[in-house]
Amino acid sequence: MKNFVAAISLEGFREANDGRRGDGVFEKVSNAMALLKAHKLPFGISTCYTSRNVDDVSSEEYFDLMINSGALFVWLFHYMPVGNDAAVELLPTPEQRTEMYRRVRRFRQTKAIFSMDFQNDAEYVGGCIAGGRRYLHINAKGDVEPCVFIHYSNCNIHDVSLLEALKSPLFMAYYHNQPFNENMLRPCPMLENPECLREMARQTGAVSTDYQSPESADRLCDKTTPYAQAWKETAERLWQGCGGCDRCEKGA
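These numbers come from a predicted model, not from an experiment.

Here we take up the pattern of salt bridges. Pairing is possible between side chains that carry opposite charge, provided their charged atoms lie close to one another. Summed over the entire model, instances satisfying the criterion amount to 12 salt bridges. The salt bridge involving Arg97 is made with Glu192; its shortest N-O contact spans 2.8 Å. Within this pair, whereas Arg97 is found in helix α4 (residues 94-110), its partner Glu192 is found in the loop between α6 (169-177) and α7 (194-204), the two being separated by 95 residues in sequence. For the residue pair Arg97 and Glu192, the accessibility class agrees, reading buried in each case. The residue Glu199 makes a salt bridge to Arg202 at a minimum N-O spacing of 2.4 Å. A residue pair is termed a helical-turn pair when its members lie 3 or 4 positions apart in one helix, as Glu199 and Arg202 do in helix α7 at 3 residues. On the accessibility criterion, Glu199 (31% relative accessible area) is partly exposed.

Moving on: unusual backbone geometry. Cis geometry marks the peptide bond from Gln178 to Pro179; its omega dihedral reads -5°. Structurally, the position occupied by Pro179 is in the loop between α6 and α7. We note that Lys40 has phi near 55°; this positive angle belongs to a residue other than glycine. Locating Lys40 in the fold gives a position in the loop between α1 (25-38) and β2 (43-49). On the basis of relative accessibility, which here comes to 75%, the residue Lys40 falls in the exposed class.

Considering every residue of the protein chain, the mean pLDDT works out to 90; 89% of them sit at 70 or more. For residues 15-21, every residue scores under 50 in pLDDT, and the model assigns this stretch 8 contacts once sequence neighbours within four places are set aside. Here residues 243-252 is a poorly scored stretch, pLDDT under 50, and it has 22 contacts once near neighbours within four places are set aside; other chains count.

A few words on the pairing of β2. For β2, the buried fraction is high: 5 of the 7 residues fall into the buried class. In terms of strand pairing, strand β1 (residues 6-9) meets β2 through 4 bridges, oriented parallel. Residue pairing across strands places Ala6 opposite Phe43, the latter belonging to β2. As paired strands, β2 and strand β3 (residues 73-78) are joined by 5 bridges and run parallel to one another. Paired with Cys48 across the two strands is Phe77, which belongs to β3.

Rules and cut-offs
- Residues numbered from 1 in each chain as written.
- Predicted model: local features only at pLDDT ≥ 70, side-chain atom pairs only at ≥ 80, totals over all residues.
- Heavy atoms only, no water.
- Salt bridge = Lys/Arg side-chain N within 4 Å of Asp/Glu carboxyl O.
- Helix = DSSP H or I, 4+ residues; strand = E, 2+ residues; numbered from the N terminus.
- Buried < 20%, exposed > 50% of the residue type's maximum accessible area, 1.4 Å probe, protein only.
- pLDDT = per-residue confidence, 0-100.
- Contact = heavy atoms within 4.5 Å.
- Pairing = 2+ DSSP bridges.

Here it is in structure tokens:
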């Protein structure tokens, strides 16, 4: 148990119409955090931010709640519109993502919790870390995918070794194209550079491994292209203005 570190998924804390918090899930999560804190077990929070909850989960109240609950870190993940029925309206607006960018940097200087935004903090890891550069994903059926959010593959771990998977066409395409953008606020080949994912899937013949809602790379990228175009100008302005540095007052 000495190496145990839990990560609890917490997506917000809006009050339900009847005055209670949600449908009981919030209470369960609160009880779990209280137990971990009481037993002095380290844990953190994982939060997906969307256009609907971004104000909540980037608020000072939310961060203070996590700190008071005993959380030591929070990982913030941008909503990804994966699947044919994905709600593209949940993608944050450029203004919302900018506010998340600024608040996280401010809270890193003022709050007693380590916070990292998976999408807005790519500068610290040199861009996209997927495709075997820092991590990869293997689904329940053994398909070796470049990312937990990008369900395409050309090999299965039951048929090849991990090294062979890393040398497969899709993973080599990742290797040769990273970073996908010199602007570290535009790191992802699906969300901010969809033309990259389109081309890699086309060149390598990677097929969809999403067994619940399989979709072509073209269909997925059709959903993210408007978002990428809308975010580009804001991302360039932010990146050129302060380079994303925590110490830069422009970023705060």
